[in-house]
Amino acid sequence: MNLRAFLHGRFAAAFGTVGAVGAEPMIGAATRAEFGDYQANGAMAAAKQAQTQPRVLASAVVEALEDVDFAQSVTVEGPGFINITLSPAFVGEQLRQVEIDQTGCPDTIVVDYSSPNLAKEMHVGHLRTTIGDAMVRVLEALGHRVIRQNHVGDWGTQFGMLVAHLEDVREDAPELRDLEVFYAAARKRFDADPAFADRARHTVVALQGGDERVREYWQRFVDISLSHCRAVYDTLGITLADEDLDAESRYNDDLPSVITDLESAGLVTVDDGAKCVFLDELETPLIVQKRDGGYLYATTDLAAVRYRSAHYRADRILYFVDSRQTLHFRQLFAVARKAGFANESCTLEHHPFGAIMGRDNRPFKTRSGDVVKLSDLLDEAVRRARGLVASKNPELGTEEADHIARVVGIGAVKYADISKHRASDYVFDWDAMLNFDDNTAPYLQYAYARIQSLFRRGGVDPAALAEAPVISNETERRLGVALLRFQETLEQVASEALPHYLSGYLYGLAGDFMKFYETCPVLDAPGASRDHRLKLCALTGETLKRGLGLLGIETVDRM
Ligand code: ARG
């Protein structure tokens, strides 16, 4: 259950009873323990409307609350805040049902993420698209219909050069095992050899014109590049499959009609031979067709918006793309709206992410100044985690230690990314992300493993415990409230597209669990409280596992 929504309902009714009809109760999680679990801050604004004292109104609202069984106390504080502390009985009872609530009105949500350029291999920056993968998992868990779209770049001018080079090398050429090397070799020829450069340019034209032989070579290159992506997705546990591919080339045949649609909407101005859309709300025009007839990234994106809105009947289209493309998306959305390419009820949302920086606060590079290949970075993560696992638990067998190292290493890298506010840049720091004491994946994975070990030691089957625990002290109550906040956290992630709310939630939950675990004996607890506490442990373990799972991070039963 969504506690916030529940309280919202109760308080909205009470505001209505005291005459503040339509007042917004403004329920939020209390920022400090002494303010209770939640605060209702709506009395201030409502009192202004009703021209009375906020404290007077707040007190009347508290009086008017019906059925206050849910609370242990509801008090008016300061200028008119209402502090709400949930009752132990209510908390225990609600914990009977901790399944994720599915929404009654599911949306169709298109999520564009990953979307690398296939000319090169995925680099460290593409790690940030794991945010998109966490989002699709959360949206699906809440019952929405999600359509993943991997809008890979496979159509730009670079492909002429790459295909021309591929025509000259053998297909089993070792350099194809490393696309960076392949790209560099093609580039070198392009720069040094005018005849080759010419051929490359003709190759693009032939490709886009549908020349079969060129198409075949291009397809081979695309397949090789996609196999590199697939390997990264497998390692990272990204849920993108082949059927989610929505390559730029898919829209090639639609591009002329994008231009004619824009023209019939009266939106096109020819400027120095190029077709542009000028809109009052845009400081710079959007070029949709170059002077030589060529189309642009933006033209393809317009075709994609039109397709996604019409074909999938999307209610929301989400783009998880680098913040450097903010202007592109602003232009794209404005033009798409003007042209009627998106249903009016469909929201177009760019959810930008910042850059990954090195410890020197400059873009993260290898020591020699090259871009960091994502596959290399992930190998290193597992290697580092392997060392840590071996030192923490030397008795583990090789196979188990390898498995744990993979789960911890990959989890650490992903979590480090997801746990930062998406829009800000962050510093990539191995020591910080592999630390077992901070807001990291290893910390949460360790908390989970510890709970599993408790059940092993006690010889207890968590499935055999009673459905709802009886809450008997404040530490237990707080842990119970934390457990109940899972649902509202997921809903917040879904509406704001900010998965770091979920990692922050899990970190807080693990903290509340540790406090409970330090002060409340579990296996040695007297009488019935042993089972109730074990139940709280089981629920915490489940929530950690489920929450991490929604971030695409695995857990292990011991580490
Ligand atoms: N391929 C693009 C790049 O690497 C990202 C595409 C993002 N999605 C989109 N629909 N524009 O920069």
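Right above here is the structure, for reference.
Residues numbered from 1 in each chain as written. Predicted model: local features only at pLDDT ≥ 70, side-chain atom pairs only at ≥ 80, totals over all residues. Heavy atoms only, no water.

A.B. asks: I tried to follow unusual backbone geometry on my own but got confused; where do I start?
C.D. replies: Among all residues save glycine, negative phi is the norm, and among peptide bonds the norm is trans. Even without glycine at this site, S115 takes up a positive phi of about 40°. Its location among the elements puts S115 in the loop between β5 (108-112) and α5 (130-141). One non-glycine residue, A497, lies in the positive phi region at around 55°. By relative accessible area, which is 0% here, A497 ends up buried. (Helix = DSSP H or I, 4+ residues; strand = E, 2+ residues; numbered from the N terminus. Buried < 20%, exposed > 50% of the residue type's maximum accessible area, 1.4 Å probe, protein only.)

A.B. asks: So what exactly am I meant to see when it comes to the packing of aromatic side chains here?
C.D. replies: The final tally for this structure, using the stated rule, is 18 aromatic pairs. Geometrically, the ring pair formed by F70 and F90 is edge-to-face, given 6.3 Å between the ring centres and 65° between the ring planes. In this pair, F70 is assigned in the loop between α3 (54-64) and β3 (71-77) and F90 in helix α4 (residues 88-94), connecting sequence segments 20 residues apart. Overall, F90 belongs to the buried group, its relative accessible area being 11%. What links up through ring pairs into an aromatic cluster is the set F6, F70 and F90. Cation over ring: K420 sits above Y426, and NZ or CZ is 4.9 Å from the ring centre. (Phe/Tyr/Trp six-rings, centres within 6.5 Å; stacked < 30°, edge-to-face > 60°. Lys NZ or Arg CZ within 6 Å of the ring centre and 35° of its normal.)

A.B. asks: Is there a simple way to think about the sheet that holds β3 in this case?
C.D. replies: Strand pairing in a sheet relies on backbone hydrogen bonds. The paired strands run either parallel or antiparallel. Ordered in space as β1-β2-β4-β3, the 4 strands form an open sheet in which the pairing is antiparallel. With one partner strand each, in any of the chains shown, β1 (27-29) and β3 form the two edges of the open sheet. Put simply, the sheet's adjacent strands are angled 25° from each other on average, direction ignored. Where strand β2 (residues 38-40) lies against strand β4 (residues 81-86), 3 bridges are found, and the strand directions are antiparallel. Residue pairing in the sheet places A40 in a bridge with I82 of β4. (Pairing = 2+ DSSP bridges. Axes fitted to C-alpha atoms, helices over the stretch in contact; angles between N-to-C directions.)

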